[in-house]
Amino acid sequence: MGRVLAFVLGALSGGLLWGAIEVAWITFQPGVGATWRIPSLAPPPDLGRFVAVALGTYALVGVLVGVFAGLVLAGRLRRATGTGATCLGLFLAGGGLAASGAAVWLNMRLVQSPLAPASLLKTAALGLSVWAAFGVFTLLLRAVLRRGTLVWLAAAAVLPAALVAFAYASHEPVATRAVASGQAAAGSPNLVLVTIDTLRADHVGFSTEGRIATPTMDALAAEGAWFEQAFSTSPHTTPSHVSMFTSVYPYDHGARNGVPMRPGFDSMAEVLRGAGYHTAAFISGYTTKSNVTGLGPGFDVYSDSLNPWMPLASDPAAEGLFLYRIFDRVSGNTIPAPVVNARFRAWLEDRPEQPFFLWLHYFDAHGPFEPEEGYRELYLEEGQNETEREIALYNAEITYTDHRMGDALGALRERGLLDDAVVVVTSDHGEAFREPNPRPEYGHGLTLYDQALRVPLVFWGPGRVEPVGSSHRVVETVDIAPTLLDLVGLAVPESYRGRSLASLLRGQVADVDDGEAFGQTTAYGHPTWFSLRSADWKLHTSPEEQSEELFDLRADPGETRNVVEDRDDVARQFRARLDEAMRLDRGDRDTKLDADTYERLKELGYITE
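Rules behind the numbers
Numbering of residues begins from 1 in every chain and follows the order in which that chain's sequence is written. Totals for whole chains, interfaces and linings use all residues, but because this is a predicted model, local features are given only for residues with pLDDT of at least 70 and pairs of side-chain atoms are given and counted only at 80 or more. For the side-chain quantities, the full set of heavy atoms in the structure was used; hydrogens and water were omitted. Secondary structure counts use DSSP, requiring at least four H or I residues in a row for a helix and at least two E residues in a row for a strand, with both numbered from the N terminus. Burial classes follow relative accessibility: with a 1.4 Å probe on protein chains only, a residue under 20% of its type's maximum area counts as buried, one over 50% as exposed, and anything between as partly exposed. It only takes one pair of heavy atoms within 4.5 Å for two residues to be counted as in contact. The protein chains shown are the only cover counted for residues, whose accessible areas, like all others here, come from Shrake-Rupley with a 1.4 Å probe. We define the nonpolar core as a collection of buried residues of types Ala, Val, Leu, Ile, Met, Phe, Trp, Tyr and Cys that are connected through side-chain atoms lying within 4.5 Å of one another. Aromatic pairing here means that ring centres of Phe, Tyr or Trp (its six-membered ring) are within 6.5 Å. Orientation follows from the plane angle: under 30 degrees is stacked, over 60 is edge-to-face, and everything else is tilted. Criterion for a charge above a ring: Arg CZ or Lys NZ at most 6 Å from the ring centre, at most 35 degrees from the ring normal. Note on definitions: salt bridges are taken to be side-chain nitrogens of Lys or Arg within 4 Å of carboxyl oxygens of Asp or Glu. In short, DSSP must find at least two bridges between two strands for them to pair. Convention adopted: a line fitted to C-alpha atoms gives each axis, helices being fitted over their contacting stretch, and angles between N-to-C directions are expressed from 0 to 180 degrees. When describing relative orientation, an angle under 35 degrees is termed roughly parallel and one over 145 degrees roughly antiparallel, while 65 to 115 degrees is termed roughly perpendicular and anything else oblique. In this count, Pro and Cys sit with the nonpolar residues alongside Ala, Val, Leu, Ile, Met, Phe, Trp and Tyr, while Asp, Glu, Lys and Arg are called charged and the others, Gly among them, polar. Under this definition, polar contacts are N or O atom pairs within 3.5 Å; protein pairs additionally need one hydrogen-donor-capable and one acceptor-capable atom, and for neighbouring residues in sequence, both atoms have to be side-chain atoms. Expected span, for any helix, means 1.5 Å times one less than how many residues it has. One confidence number per residue, pLDDT, is output by the predictor and ranges from 0 to 100.

Colleague: Could you clarify how one ought to interpret the overall build of the chain in this entry?
Modeller: Looking only at helices and strands, one finds 18 helices and 14 strands in the chain. Each of the 609 residues in the chain was classed as buried or not, and the buried ones make up 57%. A separation of at least 24 residues holds for 71% of the contacts in the chain among residues at least 6 apart in sequence. With an accessible surface of roughly 24600 Å², the chain has 56% of that area assigned to carbon and sulfur atoms.

Here it is as structure tokens:
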């Protein structure tokens, strides 16, 4: 047992050493912050907690590795002393941890195709080099180790502290594009944005006369305002959310699933953070991760770890750790709503005492539709065909997500944080179920018919949003950012293409006219389509396909009859207004996806072969 303990101590030392390097690297190296879980922060808001979480996590890993190595190898070390076993344990466990970490770092950060043979050789070479360097470090320690275990333990304890102290002393702030921070004005309301992935506008209670149970959304809509004709800019998650936050269209920001937005756009999170708001995001899907969207720099906390079972996974401070990035590499593509809520509640207990902007993202309504027990049978009936059963399971997922969203809002309400708040509920896109369109689709991503782009949009806020009920005006999700900034009295950036709906929400109905809605597909391996719609007409056009579709929405709201040949005069007017989008769109078709991103998007159904 003595030798096993020696291995544990050696591995613990290796874990603590790597944890200290992790803290120094993530927290203090200039220019690195935006690439990690805690985006654009240096140091994190609670340095002490972050250091404790980092060292605690790596110490736990070291102990587990040390126990395993000790049990396997201690009996075979015939002439090793306790100190020698400690040294070997440090080399095996600590060196292995450091080598694997360095190898995965190269694989994820420097290599475009990590599974290619040449990339694997480079990865292996780096790992072996780091392990060899750790062996040299172990031999140098041996002179100290021979003087006694107590001296070694003291050195092992002092080394991480010295590294952290050195890093803190040499710290330079990370440069970010965020606007200068300030103090939120007294009385500024809390802001909550909830995005429910893949939620159609016609599959919520308040638009179906209660046929689908969504009591949380129904209550918000009854006490606030909701838009019957609200449209997303894209049937894909990443570009849609980026448009929502930056109030520009996909051809502007260039984001697509797996490719972050181009630099130079002010997200509403950045503007709010610069105005003194604490900003926090809790997301649940790969296509909304910080490095996938590029939205991270606007948030003080961006919780996007997809490992629900990792130690301390609910602690936002832990999500910057490199260890989590390694496990993210082998994790799934989503986490369920209860995990999102658990992480949100952990943040809620220790959030700063200032107005906050909170983004909650739920992925549960996205296919494949596998509702939790107790929800699965809600809408299933005898005699349903395959499509009807899929729709029933989809509706069950929506009801489930609505309940989980209600849990999160209930936690805010219990603490009085909704007494002066504005809540927005919407979606990134809808879902198609083989409707009789000219190009029928199951799922989303390839077409721009209303079932893919029309989403619910609800605003709620006692004293700030009047209970004006439903509006038939055509609005877009790019209108959300300017509306929220207007509601809290902040200037709207000139780059924003959306319009503020604040006057309508205040009951000044005449101040907001009917609008138009733009849409664009960004699917890999498929031609790009653009769409533009008003209350009466909608045009779909694809220069690559040299094809167009025009729909008279008053006579044909389901978009089943293409009348472009009969009404070329209308098509010509809409086409002229789409010219700018088609001219500016670069498509980013030459962007290379690394193998991991490619496989994840394929699993989510965004890449077909």
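Colleague: Can you walk me through the nonpolar core in this structure?
Modeller: Where a protein is soluble and globular, its nonpolar side chains tend to be buried together. Within the largest apolar cluster, 59 residues are counted, with the highest numbers of intra-cluster contacts made by Phe282, Phe344, Trp347, Leu358, Leu360, Leu412 and Val425. Elements supplying a minimum of two residues to this core: β1 (190-196), α6 (215-223), β3 (278-282), α12 (337-350), β5 (356-362), α13 (386-414), β6 (421-426) and β9 (457-460). The dominant element in this core, judged by the number of residues it contributes, is α13, at eleven residues.

Colleague: So what exactly am I meant to see when it comes to the packing of aromatic side chains here?
Modeller: Geometry of an aromatic ring pair is reported as the spacing of the ring centres plus the angle between the planes. Scanning the entire structure with this criterion turns up 23 aromatic pairs. Ring geometry for tyrosine 394 against phenylalanine 433: centres 5.3 Å apart, planes inclined by 55 degrees, an arrangement best described as tilted. Taken together, the residues span a long stretch of sequence, with tyrosine 394 in helix α13 and phenylalanine 433 in strand β7 (residues 432-433) at a distance of 39 residues. With a relative accessible area of 5%, phenylalanine 433 lands in the buried category. Feature note: the residues Phe245, Phe299, Tyr302, Phe357 and Trp359 constitute an aromatic cluster, connected by ring pairs. Against the face of tryptophan 529 rests arginine 439, its NZ or CZ located 3.8 Å from the ring centre. Over the ring of phenylalanine 574 we find arginine 577, and its NZ or CZ is 4.7 Å from the ring centre.

Colleague: Help me understand the pattern of salt bridges in this model?
Modeller: It is possible for side chains bearing opposite charge to pair when their charged atoms get close. A full pass over the atoms with the stated rule returns 21 salt bridges. The shortest N-O distance in the salt bridge between arginine 554 and aspartate 536 comes to 2.4 Å. You can see arginine 554 sitting in the loop between β14 (547-552) and α17 (568-584) and its partner aspartate 536 sitting in the loop between β12 (530-533) and β13 (537-542), a full 18 residues away along the chain. On the basis of relative accessible area, arginine 554 is assigned to the exposed category, the value being 62%. With relative accessibility at 30%, the residue aspartate 536 sits in the partly exposed group. Note that aspartate 568 and arginine 572 form a salt bridge whose closest N and O atoms lie 2.7 Å from each other. With a gap of four residues between them, aspartate 568 and arginine 572 both fall in helix α17, about one helical turn apart. In the salt-bridge network here, residues are joined through shared partners; they are Asp450, Arg533, Lys538 and Glu559.

Colleague: Explain the sheet that holds strand β10 (residues 469-476) here, please?
Modeller: Two pairing modes exist for strands in a sheet, parallel and antiparallel, and in both the strands are linked by backbone hydrogen bonds. Ordered by their spatial adjacency, eight strands build an open sheet running β4-β3-β5-β1-β6-β9-β2-β10, and the pairing between neighbours is mixed. Bordering the open sheet on either side are β4 (301-303) and β10, each of which pairs with just one other strand. Geometrically, the sheet is characterised by an average inter-axis angle of 15 degrees between neighbouring strands, direction not taken into account. As paired elements, β3 and β4 share three bridges and run parallel to each other. Bridge pairing in β4 links phenylalanine 282 to serine 303. Helix-sheet contacts for α12 involve β3, β4 and β5, and the interaxial angle to β5 is about 165 degrees.

Colleague: Teacher, can you tell me more about the packing of α12 against α13 here?
Modeller: To characterise two packed helices, one gives the angle between the axes of the helices and the distance between these axes. Running from amino to carboxyl end, α12 crosses α13 at an angle of 10 degrees, the nearest separation of the two axes being 10 Å. Between α12 and α13, the angle falls in the class roughly parallel. Across the interface between the two elements, Ala337, Pro338, Asn341, Phe344, Arg345 and Leu348 of α12 pack against Tyr400, Arg404, Asp407, Ala408, Ala411 and Leu412 of α13. Per-class residue counts for the contact of α12 with α13 are eight nonpolar, one polar and three charged.

Colleague: What exactly am I supposed to notice about helix α15 (residues 480-487) here?
Modeller: Because each turn of an α-helix spans 3.6 residues, side chains separated by three or four positions end up pointing in the same direction. Of all eight residues making up α15, seven are buried, and the element is well covered by its neighbours. All of the buried residues along α15 are Ile480, Ala481, Pro482, Thr483, Leu484, Leu485 and Leu487.

Colleague: Is there a simple way to think about the pairing of β3 in this case?
Modeller: Across a regular strand the side chains alternate sides, sitting on one face of the sheet and then on the other. Most of β3 sits out of view: five of its five residues are buried. The side-chain alternation of β3 yields two buried faces, one formed by His278, Ala280 and Phe282 and the other by Thr279 and Ala281.

Colleague: Would you mind showing me how to read the side chain of aspartate 304 here?
Modeller: Topologically, aspartate 304 is positioned in the loop between β4 and α11 (322-329). A distance of 2.8 Å separates a polar side-chain atom of aspartate 304 from the backbone nitrogen of serine 290.

Colleague: Whenever I open this one, α12 confuses me. Can you help?
Modeller: Here α12 contains 14 residues, and its C-alpha end-to-end distance of 21 Å stays within 8% of the 20 Å for a straight helix at 1.5 Å per residue. Among all positions of α12, only Ala337, Val339, Val340, Asn341, Arg343, Phe344, Trp347 and Leu348 are buried. For α12, the elements touching its buried residues are β3, β4, β5 and α13.

Colleague: Honestly, the sheet that holds β13 in this entry has me stumped. Any pointers?
Modeller: Taken in spatial order, the four strands line up as β11-β12-β13-β14 in an open sheet, and their pairing is antiparallel. Strands with a single pairing partner mark the edges of an open sheet, and in this sheet they are β11 (517-520) and β14. The sheet shows a mean angle of 10 degrees between the axes of neighbouring strands, taken without regard to direction. The pairing of β11 with β12 spans four bridges and is antiparallel. Counterpart to phenylalanine 518 in the pairing with β12 is leucine 532.

Colleague: Could you clarify how one ought to interpret the confidence of the model for the chain in this entry?
Modeller: Where the model shows low pLDDT, its predicted coordinates should not be examined in detail. On average, residues of the chain score 79 in pLDDT, and 67% of them reach the 70 mark or higher. Contacts for the low-pLDDT stretch residues 29-45, under 50 throughout, to residues beyond four places or in other chains number 54 contacts.

Colleague: Would you mind going over the packing of α6 against α13 with me for this structure?
Modeller: The N-to-C vectors of α6 and α13 enclose an angle of 60 degrees; their axes lie 7 Å apart at closest approach. Judged by the inter-axis angle, α6 sits oblique to α13. Between α6 and α13, the contacting residues are Pro215, Thr216, Met217 and Leu220 on the first element and Asp402, His403, Met405, Gly406 and Leu409 on the second. For the contact of α6 with α13, the class distribution of residues is five nonpolar, three polar and one charged.

Colleague: Explain unusual backbone geometry to me, please; I cannot follow it from the model alone.
Modeller: Most peptide bonds adopt trans geometry, and most residues besides glycine take a negative phi value. Here the bond from glycine 367 into proline 368 is cis, since omega is 0 degrees, no more than 30 degrees from zero. When you line up the elements, proline 368 lands in the loop between β5 and α13. With a phi angle near 60 degrees, serine 247 is a residue other than glycine that sits in the positive phi range. Phi is positive for glutamine 546, which is not a glycine, with a value near 50 degrees. Relative to the elements of secondary structure, glutamine 546 occurs in the loop between β13 and β14. Residue class for glutamine 546 comes out exposed when judged on its relative accessible area of 76%.

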